[in-house]
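Residues per chain are reported as follows:
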Amino acid sequence: MTIQWYPGHMAKAKRQMIEKIKQIDVVIELVDSRIPSSSRNPLVEEISSGKPRLLLMNKIDMADRQATKQWKEDFEDQGLTVHLVNSQTGQGVATIPDAVHKLTAARRKKLEKRGFRPHADRALILGIPNVGKSTLINRLAGKKIAKIGDRPGVTKAQQWIKVGSTMELLDTPGILWPKFEDPRVGLCLAATGAIKEELLDFQEIALFLLKTMLTHYREPLAERYTLEDLPELAGTEEDQDVLIRLFDDIGRKRGCLMSGGYIDYDRVSEIIVRDYRSQKLGPLTLEWP
Ligand code: GDP
């Protein structure tokens, strides 16, 4: 599902989220491990209004393991509690209730001191579109949660899902808008499919992917397109020519030719982007801390 965001929507989403967060104890922020920075909304901190946060790096199966490790350490250095998960298979999901319970220890202690019995840990999953929020909710619930809220004019009463003996999860995720301002962030979001592709030029996304692979993932690139003698990028203006020649090579290998023998750059671009999204280039992270 792709949502178009306008300033009015964003302001409304923000207000609603702040309202929702009043009833919860822990904010579970979900990010895409391939783009751990670009898939975060900078307002999460403000929206969370001081509530403890658990940062989940999802889709670890799609990211480069070494880069994921670096990101985890970087986030932890910033004082965040970080868990790695694959919501599709459930890897890492079972430890979420315990992690949440640890984060509510201080609140529970305070309540007990005043003679109250603390209620279950109430959590909400928050993140930009496509990071895997629904997949994770279904995983934690152990079943498919109906998306009733999709019908216009019908507001669905929110439900708490019991997860284990200590946690209750809100059945609808908090959806935040992606960052739009930085072109590099836009490319990361478009490459992973987090934003509508019509918004961006496929050729631009493919160029970005090729550049990233030439710098960090030369082997998978050479292997996928049976390329010998991969060029080096020099960080100069000539890089553009180097990349175009690489496009030509891949295009010829893939038979992306137009009449007259010209390379069909649109088709080459689409092949590269689809290959990345469908994991045919392997698990590749697109940004580093
Ligand atoms: P939402 O928009 O944040 O609710 O995202 P969804 O739950 O709809 O997930 C978006 C896409 O990512 C779907 O195609 C999911 O199957 C896929 N997905 C979610 N989590 C994972 C994961 O950990 N690994 C992989 N490979 N795919 C995932």
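Residues numbered from 1 in each chain as written. Predicted model: local features only at pLDDT ≥ 70, side-chain atom pairs only at ≥ 80, totals over all residues. Heavy atoms only, no water.

Where an unreviewed UniProt entry is consulted, the protein chain appears under the name Ribosome biogenesis GTPase A, with the organism given as Sporolactobacillus laevolacticus DSM 442. Taken verbatim from the UniProt record of the protein chain, the Subcellular location (unreviewed entry) comment is "Cytoplasm". According to UniProt, the comment filed for the protein chain under the heading Sequence similarities (unreviewed entry) is "Belongs to the TRAFAC class YlqF/YawG GTPase family. MTG1 subfamily." (UniProt positions renumbered as here; feature names shortened; annotations may be inferred.)

Undergrad: Looking at this model, I keep getting lost on the overall build of the protein chain. Mind explaining?
TA: Counting secondary structure elements, the protein chain contains 11 helices and seven strands. A total of 289 residues make up the protein chain; the buried ones form 46% of that total. By sequence separation, contacts in the protein chain at least 24 residues apart represent 69% of the contacts at least 6 residues apart. Here the protein chain has roughly 15,300 Å² of accessible surface; of this, 51% comes from carbon and sulfur atoms. (Helix = DSSP H or I, 4+ residues; strand = E, 2+ residues; numbered from the N terminus. Buried < 20%, exposed > 50% of the residue type's maximum accessible area, 1.4 Å probe, protein only. Contact = heavy atoms within 4.5 Å. Areas by Shrake-Rupley, 256 points an atom, 1.4 Å probe, with all protein chains shown as cover.)

Undergrad: Help me understand the site of the ligand in this model?
TA: Neighbouring residues of the ligand: 15 residues in total, closest Asp61, Asn130, Lys133, Ser134 and Thr135. In this structure, Asn58 approaches the ligand through a side-chain N or O atom, which is 3.1 Å from a nitrogen atom. Relative to its unbound accessible area of 590 Å², the ligand is 76% covered by the protein chains. No other element matches helix α6 (residues 133–141), which puts three residues into the shell around the ligand. A per-class count over the shell around the ligand returns four nonpolar, eight polar and three charged. (Near = heavy atom within 4 Å. Polar contact = N/O pair within 3.5 Å; in protein donor to acceptor, adjacent residues only side chain to side chain. Nonpolar A, V, L, I, M, F, W, Y, C, P; charged D, E, K, R; others polar.)

Undergrad: How should the pairing of strand β6 (residues 167–170) be read in this particular structure?
TA: Looking along a regular strand, one sees the side chains alternate between the two faces of the sheet. Burial along β6 is two-sided: the face carrying Met167 and Leu169 and the face carrying Glu168 and Leu170 are both buried. As consecutive antiparallel partners, strand β5 (residues 160–163) and β6 are separated by three residues, and within that stretch Gly164 has a phi angle of approximately 65°, a positive value. (Pairing = 2+ DSSP bridges.)

Undergrad: Help me understand the packing of aromatic side chains in this model?
TA: One pair of aromatic rings is described through two measures. These are the centre distance and the angle between the planes. On inspection of all chains with the given rule, the structure shows three aromatic pairs. Seen from their ring centres, Tyr217 and Trp288 are 6.1 Å apart, and the 35° between their planes marks the pair as tilted. Pair noted here: Tyr217 is in the loop between α8 (202–216) and α9 (218–224) and Trp288 is in the segment after α11 (265–277), with a separation of 71 residues, a long-range link. The class for Trp288 is partly exposed, based on a relative accessible area of 26%. Here Arg122 stacks its cationic end above the ring of Trp160, 5.1 Å away from the centre of that ring. (Phe/Tyr/Trp six-rings, centres within 6.5 Å; stacked < 30°, edge-to-face > 60°. Lys NZ or Arg CZ within 6 Å of the ring centre and 35° of its normal.)

Undergrad: How should I be thinking about the pattern of salt bridges in this particular structure?
TA: Counted under the stated rule, the structure contains 18 salt bridges. The shortest N-O distance in the salt bridge between Arg108 and Asp121 comes to 4.0 Å. Highlighted residues: Arg108 in helix α5 (residues 105–113) and Asp121 in strand β4 (residues 121–127), separated in sequence by 13 residues. Residue Asp121 is classed as buried on the basis of its relative accessible area, which comes to 0%. The residue Glu232 makes a salt bridge to Arg218 at a minimum N-O spacing of 3.7 Å. Taken as a pair, Glu232 in the loop between α9 and α10 (239–254) and Arg218 in helix α9 lie far apart in primary sequence, 14 residues in all. Arg218 gets classed as partly exposed once you look at its relative accessible area, which sits at 25%. Overlapping salt bridges, with partners in common, bring together Asp25, Arg107, Arg108 and Asp121 in one network. (Salt bridge = Lys/Arg side-chain N within 4 Å of Asp/Glu carboxyl O.)

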